[in-house]
Structures are given as C-alpha cells and as structure tokens.
Amino acid sequence: MTQTSSSFAGQVALVTGASGGIGGAIARRLSAHGAAVALGYSHGRQAAESLAAEIEAGGGRAVAFAADLADPAAPARLVRDVEERLGSIGILVNNAGLGRTLQFDAISVEDFDTTLAVNLRAPFLLAQRVVPAMRERGAGRILFVSSVAAFTGGIVGAHYAASKAGLHGLTHYLATLLAAHGITVNALAPALVAETGMLPGAADELAERIPVGRLGRPGEVADLAVAILRNGYMTNQVVSLDGGLHPR
Ligand SMILES: NC(=O)c1ccc[n+]([C@@H]2O[C@H](COP(=O)([O-])OP(=O)(O)OC[C@H]3O[C@@H](n4cnc5c(N)ncnc54)[C@H](OP(=O)(O)O)[C@@H]3O)[C@@H](O)[C@H]2O)c1
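Just so it is clear, the structure is predicted and the values come from calculations on it, not from any experiment. (Residues numbered from 1 in each chain as written. Predicted model: local features only at pLDDT ≥ 70, side-chain atom pairs only at ≥ 80, totals over all residues. Heavy atoms only, no water.)

Caption draft 1: Examining the site of the ligand more closely. Taken together, the neighbourhood of the ligand is formed by 31 residues, with S19, G44, Y160, A191 and G197 sitting nearest. One of the backbone nitrogen or oxygen atoms of H43 is found 2.8 Å away from an oxygen atom of the ligand. Its free accessible area being 880 Å², the ligand has 90% of it covered by the protein chains. When atom positions are compared with the pocket grids, the ligand is found to occupy the largest pocket. Listing elements by their share of the shell around the ligand, those giving two or more residues are helix 1 (21-32) and helix 6 (158-178). Here the shell around the ligand is built from residues that sort into 16 nonpolar, 13 polar and 2 charged. (Near = heavy atom within 4 Å. Polar contact = N/O pair within 3.5 Å; in protein donor to acceptor, adjacent residues only side chain to side chain. Areas by Shrake-Rupley, 256 points an atom, 1.4 Å probe, with all protein chains shown as cover. 1 Å grid on protein atoms, 1.4 Å probe; cavity = no way out; pocket = protein on both sides within 12 Å on 5 of 7 lines; lining within 4 Å. Sits in = over half its atoms within 2 Å of the grid points. Helix = DSSP H or I, 4+ residues; strand = E, 2+ residues; numbered from the N terminus. Nonpolar A, V, L, I, M, F, W, Y, C, P; charged D, E, K, R; others polar.)

Caption draft 2: Just the sheet that holds strand 2 (residues 36-41), in detail. Pairing in this open sheet of 7 strands is parallel, and the strands run 3-2-1-4-5-6-7 from one edge to the other. With partners counted over all chains shown, the strands left at the sheet margins are strand 3 (62-66) and strand 7 (238-241), one partner each. Along the sheet, successive strands turn relative to each other by an average axial angle of 20 degrees, direction set aside. The sheet contacts of helix 4 (residues 109-137) involve strand 1 (12-15), strand 4 (89-94), strand 5 (140-145) and strand 6 (183-190), and relative to strand 4 the element is tilted by about 160 degrees. (Pairing = 2+ DSSP bridges. Axes fitted to C-alpha atoms, helices over the stretch in contact; angles between N-to-C directions. Contact = heavy atoms within 4.5 Å.)

Caption draft 3: Looking closely at the environment of A117. Mapping A117 onto the fold places it in helix 4. Under the relative-accessibility criterion, A117 is labelled buried at 6%. Expressed as a C-alpha distance, the spacing of A117 and A180, which sit 63 residues apart in the sequence, is 29 Å. In this view, A117 contacts L69, A70 and A122; residues no more than four positions away in its chain are not counted. (Buried < 20%, exposed > 50% of the residue type's maximum accessible area, 1.4 Å probe, protein only.)

Caption draft 4: Inspection of helix 2 (residues 45-57) at higher detail. Look at helix 2: 18 Å from first C-alpha to last across 13 residues, which is about the 18 Å you get at 1.5 Å a residue. Two residues or fewer past helix 2, G59 is found with a positive phi of approximately 95 degrees. (Expected span 1.5 Å × (residues − 1).)

As structure tokens, this is what we get:
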C-alpha cells in the first residue's frame, strides 16, 4: 500500500527514466507525497503518458517529457521544458539508465560512450542545470540511481559498472559542494530488481545469488528513495539495497 503525505507538497520533482520500472515506482511515491512530477522518457512514451494520466486521475500532478539523454543538448532542454510547464525543480532523481549486457572484449567505443552519456554525463548535466535555482532557494534534493555493480563489477559489463561508479564520485563532489546550501546529494545502489525493463521476467538463477532469496521490487527501491529524499540530514551517501548481496 502506498502511504500518502504532504512531505513534498508544492515541490516539483524531475524523475528521469519514469517510463521504466524503478523510475515509475519512484514517481508514484513522490506524487503520493505531494510532489508535482515530471516524468522523463525516451522510447517509452506510452508508459510515461499512461503513468501521467494515472497520477492525474488520482488527483496528483504529472506531465511526461520526452528527452533522449544520449544527446548532450537534451538535459538543458528537458530542464527548461519542465520549468515552463511545472515550475522550478526542487527534487532531481537521476534514474534513467542503459545497461546492455556485453562481454568485456565485445564492448565497442560506441557502446562505452553511449552508456557513459546516458548513465553519467546526462546526470551531471541535469545536476548542473538544476543546482543554481536550488542554491538560490537554499533547498534541494538530488538522488542518483546507481547499481551494486559499481562495487562488485556486476553482470552487465565493464561499461555499465564504470558508468555507475562515476556517479559515486559525482555524489561525493556535489554533496560536499552543496551541503551548506540546504541541498542533499546521495546515490542509491540497488542489486537485481525485477519488474523492470532490465529484468522483465523470472530470474530464478539470479535470485539464488541473493541472500534474501529473491530479486528486489521497484516499490522497495522507491520506498528507500523517498526516505532519502525526505531526510535533510542525510547527504554524501551511497546506499545499497541488495538483499544482502554486498555488505559494506
Ligand atoms: N533493474 C535492475 O536490476 C537494476 C539494478 C541496479 C540498478 N538499476 C538502475 O535503475 C535505473 C532504472 O532502471 P530499471 O531497472 O527501472 O530499468 P528500465 O525499466 O529498463 O528503465 C530504464 C529507464 O531508463 C530510460 N532510458 C534509457 N535510455 C535512455 C535515454 N537514452 N534517454 C532517456 N531515458 C533513457 C528508459 O526510458 P525509455 O524506456 O523511455 O527509453 C527507462 O525509463 C537504471 O539507472 C538502472 O541502471 C537497475
């Protein structure tokens, strides 16, 4: 059951990758806590628009925004479009991510660059765009959706693990820079999460590797994301959510 509260009432949250499993769940939770949500998508127009319709039908505020984050010009356009429709962004959830499974020898320059562009460059550029208004307001929340692969190497590939590890450096740099301005910056690193584009079906073999004995659920990631975003004293952290896979 989704709890409702007004913790984020009057705030605008941009969630990239809201057409996907984890992003959709985070957007629903933020809306349930009162935020107006901007739903970023690239290919998943139908998913993003139907989520926007579902949220609006339930009395919330949500608008879907197209942006291919592999394009270096897209983050600035996306922030401008969101601000025009919904107002200044107070919560940025950098969730969109690309993870094509590839053996080390098979990773081309293009695979590497595209993965880094979506998973690392776009979150950097989006943060760069939203931070000035957050600083002026003296408040803001930035959350990067990373992966346990940044710690373990994972199963997707070197390109993916490297892109997610880069988010941790970005988290630490920005959190230190922005802590005194009322802006928290954290990263959430899930392990294997079911009901997502990345892991759509049953994955019993993978579940056996997780001490808890099952894959994670998008709602569980969203619950933790909201707890992090509500907490003004938590910053500069990379938090794992992995069923006990990688104790740190
Ligand atoms: N599922 C897991 O096991 C797992 C584990 C650890 C971390 N994660 C991370 O969780 C995040 C969400 O993934 P998910 O599991 O929810 O998978 P998903 O359902 O496949 O969602 C991925 C999202 O990223 C968006 N995206 C991909 N390429 C994009 C691009 N070029 N421009 C804009 N958006 C783009 C997709 O948008 P469109 O569909 O609209 O193109 C989609 O909304 C990712 O950062 C992923 O790395 C997932």
